[in-house]
Amino acid sequence: MSSSRYAFILAGGVGSRLCLLSERRAKPAVPFAGKYRIIDFTLSNCVNSGIYDVGVLTQYRPTSLNRHIATGRPWDLDRTHGGVQILQPSLGAIDSDWYQGTADAIYRNLAHLRRRRVEHVLVLSGDHIYTMDYNELYGFHEANRAAVTVAVTEVPEDQTNQFGILETDEAGRIVGFEEKPKHARSRLASMGVYLFNRDALIQWLVEDAARPGSRHDFGKDLLPQLVQRGEPVFAHRFRHYWQDVGTLDSYYQTSLELLSERPPIDLGNPEWVIHTQSADRPPVRFEHGCRVERSLVANGCRIAGEVTGSVLFPGVIVPKGAVIRDSIVMHDSVLGRSAIIDRAIIDKEVEIGEGARVGFGDDQTPNRGCPEHLSSGLCVVGKGAHLPDNITIGRNARVGAHVTRAFFTADVPAGGVVDGPESMH
Amino acid sequence: MTDAMALVLSGGAGERLGVLSAERAVSAVPFGGKYRIVDFVLSNCCHSGIEQVGLVTQHVPTSLHDHVGAGRLWDLDRRAGGILILQPYQTRSQSGWYRGTADALAQNWDAIEERRPERVLILSGDHVYRMNYRALLQTHRDRRAVLTLAVARVPAAESHRFGMVTLDRDGRLLTLVEKPEHATTPYASMGIYVFEYEVLGELLRPRPVDLVHDVLRPLLQSGERVYAHEFSGYWEDVGAVGSYYHANLELLAPEPRLVLHDARWPILTRDEERPPVRVFEDATIEDSLVANGCRVHGTVRHSVLFPGVTVEPGAVITDSVVMADVTIGRDARIDRAILDKCARIGDHARIGVGTAPTDPAHAWLEGLTLVGKDAHIPAGAQVGRASVIGIGAHPEDFASSTLAPGTRTPNRPWFQERS
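Residues numbered from 1 in each chain as written. Chains lettered and ligands numbered in written order. Predicted model: local features only at pLDDT ≥ 70, side-chain atom pairs only at ≥ 80, totals over all residues.

A. Geometry of the sheet that holds strand E24 (residues 333-335) of chain B. Taken in spatial order, the seven strands line up as E15-E18-E21-E24-E27-E30-E32 (chain B) in an open sheet, and their pairing is parallel. The outermost strands of the open sheet, each flanked by one partner alone, are strand E15 (284-286) and strand E32 (402-403) of chain B. (Pairing = 2+ DSSP bridges. Helix = DSSP H or I, 4+ residues; strand = E, 2+ residues; numbered from the N terminus.)

Now the structure itself:
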């Protein structure tokens, strides 16, 4: 069983549009939905589809991801044969270097296919929220005698410029492929899920590696090339929920959708469990006088204040008088008495002083440092930041990781930036 | 790493937990919103550096085995040492049901001998507490004792529940009286013993039955060095419905005596792989512990909810313990009840109605209503206080929709035909 299928998961991207959330961790390691990491969805899809041999390609800030995956135990990927292996960039081989693009990352790891007796190679992205049975993809691929099958989903018209958009003929064969087009000819977007015939993949990657001017990327170079050459490249239409939580706004929206009456993903489906590292925390403590509504609250939280429309990760403490509204608060962040958080994303281990207000006022001035990522009214507070008592932080503000109380000289206006000891900006 | 091997006694029949332990060992009864009782002792072992643990089982051990598995959760899945299940077994000459605690140890002495520990730490699998056994073992070594008992101070009114011990100024044990009505000492034996390995081996040779009567007492009388180690933390024997219920609800106090969220001493248990608690628009939750996987619409007050409990709109749960995957129907009322796993409470049903009977036969329930695992309470049914609904009960067990206080319905095997 374990040796018949193999998947590469690309988990090395920078994820810069997620701003502070992926400043110090790879995007697949960003916490999501109150207890998971983004990559849990892809890893769980693999094992729930019967794929127990997985290589995870890392490059950008991998520590948090490596610690999370560890030996692969929650996914039953700690195995004698197969299991999960971290594939880091390395020195020492003839072609050794950093991964240049998605195709290059696989090319540099072709050695892992050498002794694996698989007919196909599944290439996945560790960045997406979806539950998919890859067996359907394998079935489609074989029925169509495809050389490569690309899983596709329909995206809204105003988002086509963020994805690889493709056109198909009536049989589902791809006839056009454009990466992030200005004027799209269809709404079918590549999900970054590719199933290749093994031998063809090897041949194509070797060709691509030698091609001058190639950026060595599946979406930008390899797939458009194959389509142009008339290779049997097929699109498999995926009709369920799929979300690229690539921006702060989409991360926030996707999280809050889980609170709706009919959430797009059933996290409690016993037939498709999303596996993750266990946190060894006691049940949630709802204390006397607390008010909690329309929220997801994970084990280890202690709540005496008010929580509405929010997602709380393990160990968040909300004392009497404190309020969390329409926000996402990650592991072990602690609010002071009467602190109010409104429309904010608070990373792990943040301390919010008594009477502090995060996300305050009607001023919607976009963020001074990254207006392109932070203009919809959200505030972001980086991991381990300490906010002083009674401080007011306006909308679209950004407070860097590990900022201490001494960094604040006055209230932070809308669009303001308080950078930490070390920052990517 | 210590040189002691722990033996956890988990074989008792646990009649005082009624329907909760009819089909599982007391140690495997769920506790505290996500744990099993045995998690406390095994976590104590793990955090005290004890790497060899024998688990003595006899009474319906399946769910205990399921839970403990290879002991990985407590880092007891080891190449050498680790966890060892000590079950009753047959030999050519005899069938070896355990006649008592000492007999259980004697029958397994050959297995213990193979591990060659210097000391044997005997624990009960029915207690909830957080204790560093290193301190106990240190007292034992310092006193050069052959036997050291852990003791706790208990209120005079409760001495009838315990073996009470008197000590001299050095902590040496003078007398032991079982369950006295009036005690002259505040010290209760916790049922936690450290024996010198060689000494215990000798004492078990004549095949004694009960550890206290046939081993401990003669040892004390022979004048050997028997000492006490005082433990001042929270400790509770939860092997009876009343103490089980109160220990659960005590976790809801503003400052509970049993701390569950100490990151340096986590209570380790099997991960349920459930999503975070989902609290809906129409929910009210107060003074409660609610575990991952619960979905709450209605009202939950002063209660403990285990993973995967669904509370439908309008339902009200008060002062109750609700185990994993129970569903509470619309507008149902649950008051002072313990609902076992996977029970289904129909819409508008009421559990815990009226006044509990005062006769001695129902005293052990302390007015609580028990609903067995997989029981299905039909919509609109009224279940009187101090009733015990059997495991797997189904609507046909309800001749009328009202059960008087103190009613019992039979347990039904899961494979029994349902028409």
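Once you've had a look at it, read on.
B. Quick peek at the domain arrangement of chain B. All names here are of chain B. Domain annotation for chain B reports domain 1 (4-250) and domain 2 (278-403). Its C-alpha centre places domain 1 at a distance of 33 Å from the equivalent point of domain 2. Across the contact, 15 residues belong to domain 1 and 23 residues belong to domain 2. Here the element with the most residues in the side of domain 1 that touches domain 2 is helix H8 (residues 241-250); it accounts for five residues. Split by residue class, the side of domain 1 that touches domain 2 holds seven nonpolar, five polar and three charged. (Domains from an automatic or database assignment. Contact = placed C-beta atoms within 7 Å. Nonpolar A, V, L, I, M, F, W, Y, C, P; charged D, E, K, R; others polar.)

C. Local environment of the interface of chain B and chain A. Across the boundary between the two partners, chain B contributes 26 residues, which contact 26 residues of chain A. Residue assignment for the side of chain B that touches chain A shows that the elements contributing at least two residues are strand E14 (277-279), E15 and strand E16 (288-290) of chain B. Partitioning the side of chain B that touches chain A into residue classes produces 13 nonpolar, five polar and eight charged. Pairing of strand E14 (residues 284-286) of chain A with E16(B), which is carried by three bridges, proceeds in the antiparallel orientation. Looking across to E16(B), one finds that A:Val284 is bridged to B:Val290.

D. Seen up close, the nonpolar core. Counting 273 residues, the largest nonpolar core has A:Val297 and B:Val290 as the members making the most contacts within it. With near-sequence residues (within four places) excluded, A:Val297 lies in contact with A:Val284, A:Val292, A:Ile303, A:Val307, A:Leu312, B:Pro276, B:Val277 and B:Val279. (Core = buried A, V, L, I, M, F, W, Y, C linked by C-beta atoms within 7 Å. Buried ≥ 20, exposed ≤ 12 C-beta atoms within 10 Å, placed from the backbone.)

E. Inspection of the pairing of strand E5 (residues 83-87) of chain A at higher detail. Here strand E4 (residues 53-57) of chain A pairs with E5(A) via five bridges, running parallel. Residue pairing across strands places A:Val56 opposite A:Ile86, the latter belonging to E5(A).

F. Inspection of the pairing of strand E8 (residues 148-154) of chain A at higher detail. All names here are of chain A. For E8, the buried fraction is high: six of the seven residues fall into the buried class. With six bridges connecting them, E8 and strand E11 (residues 188-197) associate as antiparallel partners. Bridging across to E11, Glu154 finds its partner in Leu188. The pairing of E8 with strand E12 (residues 233-237) spans five bridges and is classified as parallel. Each residue of the ladder has a partner; that of Thr149, found in E12, is Phe234.

G. A look at the environment of B:Ala25. Residues and elements named next belong to chain B. Relative to the helices and strands, Ala25 resides in the loop between strand E1 (4-9) and strand E2 (30-31). Distance in space between the C-alpha atoms of Ala25 and His59 is 5.7 Å, their sequence separation being 34 residues. Residues within four places of Ala25 in sequence aside, it is in contact with Ser10, Thr57, His59, Val60, Pro61 and Leu64.

H. Just the confidence of the model for chain B, in detail. In the predicted model, chain B carries a mean pLDDT of 94, and the fraction of residues at 70 or more is 99%. Taken together, the chains of this predicted complex give a pTM of 0.94 and an interface ipTM of 0.92. (pLDDT = per-residue confidence, 0-100.)

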